[in-house]
Amino acid sequence: CLFMATPDRGLLDLLDIWPRIKANAPHAKLHLFSSFLGWGISVDENEKMMAELYLRIQNMVYLDVVNHRHANPEELHGYVAASDLYLYPSNYYETCCMSVLECMQMGTIPVVTGRAALLEKVADGVTGYVIPSYGVDSNRYRDQFVARTSLLLNTPMAAKQWMRDNCREYAKRFTYAVLVREWEAEWL
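Residues numbered from 1 in each chain as written. Predicted model: local features only at pLDDT ≥ 70, side-chain atom pairs only at ≥ 80, totals over all residues. Heavy atoms only, no water.

A. Expanded view of the overall build of the protein chain. Looking only at helices and strands, one finds eight helices and six strands in the protein chain. Helices and strands in the protein chain line up, N terminus first, as β-α-β-α-β-α-β-α-β-α-β-α-α-α. By the compact-globule yardstick of 16 Å for 188 residues, the protein chain fits well, its C-alpha radius of gyration being 16 Å. Along the first, second and third principal axes, the C-alpha atoms of the protein chain reach 45 × 40 × 35 Å. Within the span of the protein chain, comprising 188 residues, buried residues form 49% of the whole. Within the protein chain, counting contacts between residues at least 6 apart in sequence, those at least 24 apart form 66% of the total. Summing over all exposed atoms, the protein chain offers an accessible surface of approximately 9,500 Å²; the carbon and sulfur share of this is 55%. (Helix = DSSP H or I, 4+ residues; strand = E, 2+ residues; numbered from the N terminus. Rg over C-alpha atoms; globule rule 2.2 N^0.38 Å. Buried < 20%, exposed > 50% of the residue type's maximum accessible area, 1.4 Å probe, protein only. Contact = heavy atoms within 4.5 Å. Areas by Shrake-Rupley, 256 points an atom, 1.4 Å probe, with all protein chains shown as cover.)

In structure tokens form, the structure reads like this:
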């Protein structure tokens, strides 16, 4: 599994539910690419801001949680290509969510919150799973997120290949060339 958004977009919530997911799918691993480095924060500033959270992640290594913090595009591309699921339990009001699209283009199946742009990017049951937005801190939401994620992790790859193919095809509709042209037309 993969998470590659800024920490304020659901990382704490994912860490809260990961032990339940891991219990249901003991083979699962979680690779985290989450920092504020992409926002112009220095490495030192990021380490200070993230010290407590990074310590929590380090203490979860026994649950196969790997903290990469940040990666260059080539390294990240390799992890996206090798990942089965993109987990994004976020209450953030996305305007587009390029990370979900990047994962879908590689055939990585997203499990996301049904909020804002994610409702147009992920077709529930077709190109991933959309968990209704009850609030990521509600038991109802967390139970559904854990159940969907666990189900997908325990489904043989061949049985979900059609969903991976759907992800790739659907994400083609949202390339930069298409999106920028649509945004420009809307803004003009």
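B. View of the pattern of salt bridges. Scanning all chains against the criterion turns up twelve salt bridges. Residues aspartate 16 and arginine 142 are paired through a salt bridge, measuring 3.3 Å at the closest nitrogen-oxygen approach. Taken as a pair, aspartate 16 in helix α1 (residues 11–24) and arginine 142 in helix α6 (residues 139–153) lie far apart in primary sequence, 126 residues in all. With relative accessibility at 34%, the residue aspartate 16 sits in the partly exposed group. (Salt bridge = Lys/Arg side-chain N within 4 Å of Asp/Glu carboxyl O.)

C. Spatial organisation of the packing of α1 against helix α2 (residues 43–58). Running from N to C, α1 and α2 point in directions that differ by 25°, and their axes come no closer than 12 Å. Comparing the axis directions of α1 and α2 gives the class roughly parallel. Considering only the axes of α1 and α2, their crossing is left-handed. When α1 is examined against α2, the residues Leu11, Leu12, Leu15 and Asp16 are found in contact with a partner set consisting of Leu53, Arg56 and Ile57. Across the contact of α1 with α2, the residue classes tally to five nonpolar, no polar and two charged. (Axes fitted to C-alpha atoms, helices over the stretch in contact; angles between N-to-C directions. Parallel < 35°, antiparallel > 145°, perpendicular 65-115°, else oblique. Left-handed = near helix turned anticlockwise from the far one by under 90°. Nonpolar A, V, L, I, M, F, W, Y, C, P; charged D, E, K, R; others polar.)

D. Layout of unusual backbone geometry. A positive phi angle, near 60°, is found at arginine 69, a position not held by glycine. Owing to a relative accessible area of 29%, arginine 69 belongs among the partly exposed residues under this scheme. In this structure, alanine 116 is a non-glycine residue whose phi angle is positive, near 50°. Note on alanine 116: relative accessible area 31%, which makes it partly exposed.

E. The arrangement of the side chain of serine 150 in detail. Take serine 150: it is sitting in helix α6. Apart from residues lying up to four places away in sequence, serine 150 is in contact with Ile21 and Asn24.

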